[in-house]
Amino acid sequence: MIKKRIGISYTRTNFHFYWNWFSPEDLRNDLELVELSFEKMNSHEIPTCDGFVLTGGIDIEPSLYNLESGYPHAPQFYQPERDLFEKEIYEFSQLHRLPVLGICRGMQLVNTLQGGRLIQDLGQFNEIHKKEETDKEHGISVMSKTLMSEIVEEGTGYVNSAHHQAIHRNDLGRNLLANAHSIRDDETIEGLEFLEKEGRGFLLCVQWHPERMRDKLENPFSKKIKERFIKEIRQVNMEKINMFNPATEEVIATLHEDSSETIKEKFQLLRAAQVGWAAYSLSERVACIRRFFDLIEVHKDALSRTLTEEMGKPLQQSLNELNGARARIRFFLENSEKWLSVEWIDQQSATREKIEYEPLGVIANISAWNYPYLVAVNVIIPALIGGNAVFYKPSEYTMLTGMHIQKLLYQAGLPEHCFELGLGKGQVGEALLHLSLDGIFFTGSYRTGRLIAERVASRLIPCQLELGGKDPLYVMDDVEDIDQVAGAALEGVIYNSGQSCCAVERIYVHRKIYEPFVKSYLSQLKKLKVGDPLEKGIDVGPLSRKAQVDFLLEQIEDAIQKGARLLHGGKRIPGKGYFIEPAVLTDVHHGMRIMKEESFGPVTGIQKAEDDEEALSLMQDTEYGLTAAIYSKSYERAEKLFKRINTGTVYWNCCDRVSASLPWSGRKHSGIGSSLSYQGIRAFVQPKSYHIRG
Ligand code: NAD
């Protein structure tokens, strides 16, 4: 059973009281507690929670409610990082209408986040409220017909008190109602709830400390509040999505899925934030991305582990991906100013002329799971540097990585709401298509890409698609070192468990060297280590998606039925995890699915080619057009074929490779448009031509 989760915001003082307030009897076997900590910055846990306790602690940084420090009893230091972290919690709770219980500082925070202010120090009333050795105690009165009165079922009572700040009735935040007051000092508000509750989640805030009242087991101002909050959590009924570790099949996270309503709300936030971000200078935007670049390096061990746990690539390959992503970001850092700065075309004539590059606006990036950093970086980095706000929809298989990317961007200083996440499956991507976006950038399958292109065609917005491939590799008879070429081809097939858009998906070998090539390929294939991707020395991890194992087994079976020879592998590996033995087939032909459909796994067919002409026609016999590789001693001989191959990329004596300096583009069913290179910088801006006379 998936447990509902109560997120408790961490406080350096007395955290254990909040934690222990929820007893095993309260939690039974269907609830659990989560520490949400501004120190650990585990904001990726926020979307796993079903409700939140915002706890007490040090005063909120006064700039948050537009006042200054220097008041009596002000702390020596504030915790602005805590304020921001809890703001994120609160915003998430409001977006998803989740229950919130604000306690002491938590209540004050809710008031400020709703636009209200605080009494910075209670002055003479500290005598009643401010803690000394122990909490103070005083009577309170509850307003009738409020949520508070419905919960505690009392008109008056007594509570403990340990605060020197408070909320004045003239400074209430939007849509907040004071539901209880201190009896000895009727100015001090003791509780808040929403005034207009329709369409909002459960919210109850208290100025006292129900978690540590001396008689908390009996006093309704503790007991009943806790009971009701727990009941609200149990009643939360939202779409959640499980994330599995493909190596162990264990659930690693259960997250709230976005709905079309939350997607619309996030879009409004992006729209409003984009204007401010575009007003930053280009060099300021570049500086922000440089900090993001540094943060990836700082956190790369944790990030690579998460990546391996959620999509299954061997740990070293996760690290390689992060390094590769940083190399791409470095390219954008070093080249964006050159390609995005104002371009003076004519400064001498009577009419001067220049081009300025303006952001598109709010763009969406719907993304794939196989290289979640690399494919995201291709889009979100140049888009942000160009002054756009980005609605990023990570694949449902790599949402944790998506959340890490978001966290690090904000840590790097990206202004709030310039980058929003759409969490969930395909329907969340579909919901994005209904927004008035200024551009859509998609990485994924041909099937989804085509659907997206059709859906947005009438809007006339830029729509860039990076789709699948069935990339060929041809080995000519003049190669000098067959073992080395066979090893390179094998690497191109099995790297990332074959789940690369530009993986080698089919191999053609000149008849003169066919036998030794197959022999060498087979012997190297047999040495591969398949297993737990967290273990050192593993070459091939599990596939990321369960269904893909059956898909590959079907492709192999189809080939065997039609006369292919399975030389090695191709079986499901028993036990937990989506493992398949890497496989090679010979005696294959283009009547077999394995030579025509994208496999996206560590399997391939090797086909004999009579000569270069036949190899070319086989390489061209595909709906895709991403990359093609030729291994040969002679560049001239290879180039003759390259000129006639209809792909966005060709490789001589290499394969399965992307360079940040070169355009990455597919033809035919492999996509439309280019990312990376200067073209991938300009893809996220639009030129404005200035004619300046006089
Ligand atoms: P996919 O098409 O299944 O999903 C891609 C994204 O689209 C996901 O975020 C998914 O949730 C979303 N989506 C699904 N249905 C949708 C809908 N109806 N409307 C809007 N969004 C929807 O692809 P995948 O399995 O995540 O990725 C694998 C594919 O991506 C392979 O074909 C691979 O070759 C390709 N790919 C291409 C490149 C490239 O650079 N050309 C890079 C990586 C992956």
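Residues numbered from 1 in each chain as written. Predicted model: local features only at pLDDT ≥ 70, side-chain atom pairs only at ≥ 80, totals over all residues. Heavy atoms only, no water.

1. Details of the sheet that holds strand β1 (residues 4-9)
Next up, step 1: Read across the sheet, nine strands follow the order β2-β1-β3-β4-β9-β8-β7-β5-β6 without closing on themselves; strand pairing throughout is mixed. Taken across any chain shown, the strands that pair with only one partner, and hence form the sheet edges, are β2 (31-36) and β6 (156-161). Pairs of neighbouring strands in the sheet enclose a mean axial angle of 25 degrees, with direction left out of account.
Next up, step 2: In this sheet, strand β8 (residues 189-194) lies alongside strand β7 (residues 176-182) in antiparallel orientation, the contact comprising five bridges. Residue Ala180 lies in a different strand from β8, and its bridge partner there is Gly191. (Pairing = 2+ DSSP bridges. Helix = DSSP H or I, 4+ residues; strand = E, 2+ residues; numbered from the N terminus. Axes fitted to C-alpha atoms, helices over the stretch in contact; angles between N-to-C directions.)

2. Let's talk about the sheet that holds strand β14 (residues 362-366)
Next up, step 1: Strands sit in the order β16-β15-β14-β17-β18-β29 across an open sheet of six strands; the sheet is mixed. This sheet does not close on itself; its edge strands, each paired only once, are β16 (419-421) and β29 (671-672).
Next up, step 2: Across four bridges, strand β17 (residues 439-443) lies against strand β18 (residues 463-466) in parallel orientation. The partner of Ile440 across the bridge, within β18, is Cys463.

3. Comments concerning the pairing of strand β3 (residues 51-54)
Next up, step 1: Neither face of β3 is exposed, since Gly51 and Val53 on one face and Phe52 and Leu54 on the opposite face are all buried.
Next up, step 2: In this sheet, β3 lies alongside β1 in parallel orientation, the contact comprising three bridges. When the bridges of β3 are listed, Ile8 appears paired with Val53.
Next up, step 3: Note that β3 and strand β4 (residues 100-103) share three bridges and pair parallel. Following the sheet pairing, Val53 is matched in β4 by Leu101.
Next up, step 4: Crossover connection from β3 via helix α3 (residues 80-95) to parallel β4: handedness right-handed. (Buried < 20%, exposed > 50% of the residue type's maximum accessible area, 1.4 Å probe, protein only. Right-handed = clockwise from strand over helix to strand, strands pointing away.)

4. A word on helix α20 (residues 635-642)
Next up, step 1: Residues of α20 that are buried include every one of Ala638, Leu641 and Phe642, and no others. When α20 is viewed along its axis, its buried side chains cluster within an angular range of 105 degrees and face the same direction. Turned more than 90 degrees from where α20 packs its buried face, Glu636 and Lys640 sit exposed.
Next up, step 2: Of the residues flanking the start of α20, the one acting as N-cap is Ser634, its side-chain oxygen 3.4 Å from the backbone nitrogen of Glu636. (Arc of directions from axis to C-beta. Polar contact = N/O pair within 3.5 Å; in protein donor to acceptor, adjacent residues only side chain to side chain.)

5. Details of the packing of aromatic side chains
Next up, step 1: Scanning all chains against the criterion turns up 17 aromatic pairs.
Next up, step 2: When the centroid spacing of 6.5 Å and the interplanar angle of 40 degrees are considered together, the rings of Phe202 and Phe229 count as tilted. Highlighted residues: Phe202 in the loop between β8 and β9 (203-206) and Phe229 in helix α7 (residues 220-235), separated in sequence by 27 residues. Side by side, Phe202 and Phe229 carry an identical accessibility label, which is buried.
Next up, step 3: Judged by centre distance (5.7 Å) and plane angle (70 degrees), the ring pair of Trp208 and Phe221 falls under edge-to-face. Remark: Phe221 occurs in helix α7 and Trp208 occurs in the loop between β9 and α7; sequence separation between them is 13 residues. Both residues of the pair, Trp208 and Phe221, count as buried.
Next up, step 4: One aromatic cluster is present, built from ring pairs that chain together Tyr10, Phe15, Trp19 and Phe38.
Next up, step 5: Lying across the ring of Tyr690, Lys354 places its NZ or CZ 4.4 Å from the centre. (Phe/Tyr/Trp six-rings, centres within 6.5 Å; stacked < 30°, edge-to-face > 60°. Lys NZ or Arg CZ within 6 Å of the ring centre and 35° of its normal.)

6. As for the nonpolar core
Next up, step 1: Ranked by size, the top nonpolar core spans 95 residues in total, and within it Phe419, Ile507, Phe517 and Tyr521 carry the most contacts.
Next up, step 2: No other element matches the ten residues that helix α12 (residues 372-385) contributes to this core.
Next up, step 3: Non-local contacts of Tyr521, meaning those with residues more than four positions away in its chain, are made with Ala486, Ala489, Leu490, Val493, Ile507, Val584, Thr604 and Ile606.
Next up, step 4: Tyr18, Tyr71, Val159 and Phe229 belong to the second largest nonpolar core, which has 63 residues in total. (Core = buried A, V, L, I, M, F, W, Y, C linked by side-chain atoms within 4.5 Å. Contact = heavy atoms within 4.5 Å.)

7. Quick word on unusual backbone geometry
Backbone phi values are negative for most residues with the exception of glycine, while trans is the configuration of most peptide bonds.
Next up, step 1: Backbone geometry at Asn496 places phi at a positive 60 degrees, although glycine is not the residue there.
Next up, step 2: A positive phi is found at Ser497, a non-glycine position, where the angle reads about 55 degrees.
Next up, step 3: Mapping Ser497 onto the fold places it in the loop between α16 (482-494) and β20 (504-510).
Next up, step 4: Judged by its relative accessible area of 1%, Ser497 is buried.

8. Some words on the packing of α16 against helix α17 (residues 514-526)
Next up, step 1: Two elements in contact, α16 and α17, have axes separated by 9 Å at closest approach and are oriented at 55 degrees. Our classification of the angle between α16 and α17 gives oblique. Crossing hand, α16 versus α17: right-handed. Residue-level contacts link Ile482, Asp483, Val485, Ala486, Gly487, Ala489, Leu490 and Val493 of α16 to Pro516, Phe517, Ser520, Tyr521, Gln524 and Leu525 of α17. (Parallel < 35°, antiparallel > 145°, perpendicular 65-115°, else oblique. Left-handed = near helix turned anticlockwise from the far one by under 90°.)

9. A short note on the domain arrangement of the protein chain
Next up, step 1: Taken as a whole, the protein chain is organised into domain 1 (4-234), domain 2 (257-467 + 678-686) and domain 3 (471-659).
Next up, step 2: Relative placement of domain 2 and domain 3: their C-alpha centres are 31 Å apart.
Next up, step 3: The partner domain 3 presents 18 residues to the 17 residues of domain 2 that form the contact.
Next up, step 4: Buried surface at the junction of domain 2 and domain 3, summed over both partners, amounts to about 1500 Å²; 56% is from carbon and sulfur atoms.
Next up, step 5: Three residues, Gln317, Trp369 and Tyr371, lead the burial of domain 2 against domain 3; their summed loss comes to 32% of the area buried on that side.
Next up, step 6: Joining domain 2 to domain 3, the criterion identifies zero salt bridges.
Next up, step 7: Where domain 2 touches domain 3, the interface holds nine residue pairs in polar contact (both at pLDDT 80 or more).
Next up, step 8: Looking at the side of domain 2 that touches domain 3, the elements with two or more residues in it are α10 (300-311) and α11 (315-340).
Next up, step 9: Here the side of domain 2 that touches domain 3 is composed, by residue class, of eight nonpolar, five polar and four charged. (Domains from an automatic or database assignment. Buried area = accessible area lost by both parts, 1.4 Å probe. Salt bridge = Lys/Arg side-chain N within 4 Å of Asp/Glu carboxyl O. Nonpolar A, V, L, I, M, F, W, Y, C, P; charged D, E, K, R; others polar.)

10. Thoughts on the site of the ligand
Next up, step 1: Around the ligand lies a shell of 29 residues, among which Glu396, Ser445, Thr448, Leu467 and Glu598 are the nearest.
Next up, step 2: Between Gly444 and the ligand, the recorded distance is 3.2 Å, taken from a backbone N or O atom to an oxygen atom.
Next up, step 3: For the shell around the ligand, the secondary structure elements donating two or more residues are α14 (426-433), β17 and α15 (446-456).
Next up, step 4: A per-class count over the shell around the ligand returns twelve nonpolar, ten polar and seven charged.
Next up, step 5: Counting only domains with at least three residues in the shell around the ligand, you end up with domain 2 (257-467 + 678-686) and domain 3 (471-659). (Near = heavy atom within 4 Å.)

11. Side note on the pattern of salt bridges
Next up, step 1: All told, the structure shown has 49 salt bridges when counted by the stated rule.
Next up, step 2: A salt bridge links Arg455 to Glu430, with the shortest nitrogen-to-oxygen separation between them at 2.6 Å. One end of the pair, Arg455, is in helix α15; the other, Glu430, is in helix α14, with 25 residues separating them in the sequence.
Next up, step 3: Note on Arg455: relative accessible area 41%, which makes it partly exposed.

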